[in-house]
Amino acid sequence: MAEVSAVQAALSAQVIETPSWGYGNSGTRFKVFAQAGVPRDPFEKIADAAQVHAVTGVAPLVSLHIPWDKVEDYEALARHAAEHGVRIGMINSNTFQDDDYKIGSVAHPDAKIRRKAVDHLLECVDIMDVTGSDSLKLWFADGTNYPGQDDIMARQDRLFEALTEVYARLGDGQRMVLEYKLFEPAFYTTDVPDWGTSYAHCLKLGDKAQVVVDTGHHAPGTNIEFIVAFLLREKKLGAFDFNSRFYADDDLMVGSADPFQLFRILHEVAKNGGFDPANKVAFMLDQCHNIEAKIPAVIRSVMNVQEATAKALLVDLDALKSAQQSGDVLGANAVLMDAYNTDVRPLLREVREEMGLDPDPLAAYRASGYAEKIVAERVGGTQAGWGA
Ligand code: PSV
Ligand code: MN
């Protein structure tokens, strides 16, 4: 087994970023269910995210989505975050909700719409400047629904032209991360459908462009850990959007459908330097809590990532290597399975105690009275939700 004190140190240094939109109302295209106490603005979303950090100690970053989190004064928002003990993480762009984007944004055939989309991306970089965020997160809903609807290659050209302009605007210490998704909302072609397309664009753009792996964005059966290992090898893994899926882009709590897959992914991360802060891989949750209580669901998700991380860190890499080198197929597999089958909950309880935290974050949250407080206080106003 790996050295336990080193594993504990790595676990207490872990950083998991939570999404502002995970605290708002959400649902499917059939129904958004409202919950009492849900935040009404980005300030309240950040206050909720701060609760997750307070009880887990490993969630100090909050991702924003613009314009869902549009405010008059971003400096004030960053200050508010600092006062609550958290920081603004990645700035997620949104070029998918305006009527103008019906047939695309940065790959739209009309230059005026492309201009509007690029201006939005540039505005997101302005927000990074003010909030201290170092990453622009790009996901494009662009694509087509029908064969012949648009020229596939021309759309790639338009996409790359837009990316090039935004890339040039990035300052020192800033980067862009480009997310791919197989399908949805476009059903025939998607302009950034897979890691290869994202990687090819990022490679051409330069060192400040990296790929985002959203765990829900692949065809069923795709070996995500292979993608992760490959991208880490090429120094092109920028960020994760963690979530769990049974069927498509379900956006459920990470580690709930397939904790073994999460372990396999994090094993590649651990083995290949992905937890080294110098490699700047962001570990974000991109989830929606449609039917479960939101703050506890985010806490549970953070704990799921911690558990999979602990197991990944426990893999005896020396034993693994020697089994691999000697062609001991079953032995190598057993090394991984031993780590996966370890009950790491006592270890994590110890880590939390050493961090001065309650060993049970969910119990600590329940005992804090915060859930009752927000239900009582957040009366009136408009609850944040999909698109707000
Ligand atoms: C798209 O499905 C996506 O994964 C992107 O990251 C968006 O920004 C996010 O979901 C919105 O929840
Ligand atoms: Mn995502």
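Shown above is the structure to which this text applies.
Residues numbered from 1 in each chain as written. Chains lettered and ligands numbered in written order. Predicted model: local features only at pLDDT ≥ 70, side-chain atom pairs only at ≥ 80, totals over all residues. Heavy atoms only, no water.

Chemist: Would you mind showing me how to read the pairing of strand S11 (residues 237–242) here?
Modeler: Consecutive residues of a regular strand have side chains that alternate between opposite faces of the sheet. The buried count for S11 comes to six of six residues, which makes it a mostly enclosed element. With four bridges connecting them, strand S10 (residues 209–214) and S11 associate as parallel partners. From the neighbouring strand, Val211 faces S11, where its bridge partner is Leu237. For the handedness criterion, the β-α-β arrangement of S10, helix H7 (residues 224–233) and S11 is classed as right-handed. As defined by bridge partners, S11 adjoins strand S12 (residues 282–285) across four bridges and the pair is classed as parallel. (Buried < 20%, exposed > 50% of the residue type's maximum accessible area, 1.4 Å probe, protein only. Helix = DSSP H or I, 4+ residues; strand = E, 2+ residues; numbered from the N terminus. Pairing = 2+ DSSP bridges. Right-handed = clockwise from strand over helix to strand, strands pointing away.)

Chemist: Looking at this structure, how should I read the site of ligand 1?
Modeler: Neighbouring ligand 1 are the residues Trp21, His65, Trp139, Glu179, Lys181, Asp214, His217, Asp241, Asp249 and Asp286. Contacts to ligand 1 include Asp241, whose side-chain N or O atom sits 3.2 Å from an oxygen atom. Within the side chain of Asp286, one N or O atom sits 2.8 Å away from an oxygen atom of ligand 1. Burial of ligand 1 by the protein chains amounts to 95% of its free accessible area of 310 Å². A breakdown of the residues in the shell around ligand 1 according to their chemical character gives two nonpolar, two polar and six charged. (Near = heavy atom within 4 Å. Polar contact = N/O pair within 3.5 Å; in protein donor to acceptor, adjacent residues only side chain to side chain. Areas by Shrake-Rupley, 256 points an atom, 1.4 Å probe, with all protein chains shown as cover. Nonpolar A, V, L, I, M, F, W, Y, C, P; charged D, E, K, R; others polar.)

Chemist: What should I look at first to understand the packing of aromatic side chains in this one?
Modeler: Any two aromatic rings considered together are summarised by their centre-to-centre distance and by the angle between their planes. By the definition in use, this model includes 17 aromatic pairs. The positively charged end of Lys204 is found above the aromatic ring belonging to Phe160, 5.2 Å away from the centroid. When the ring centre of Tyr340 is taken as reference, the NZ or CZ atom of Lys311 above it lies at 4.5 Å. (Phe/Tyr/Trp six-rings, centres within 6.5 Å; stacked < 30°, edge-to-face > 60°. Lys NZ or Arg CZ within 6 Å of the ring centre and 35° of its normal.)

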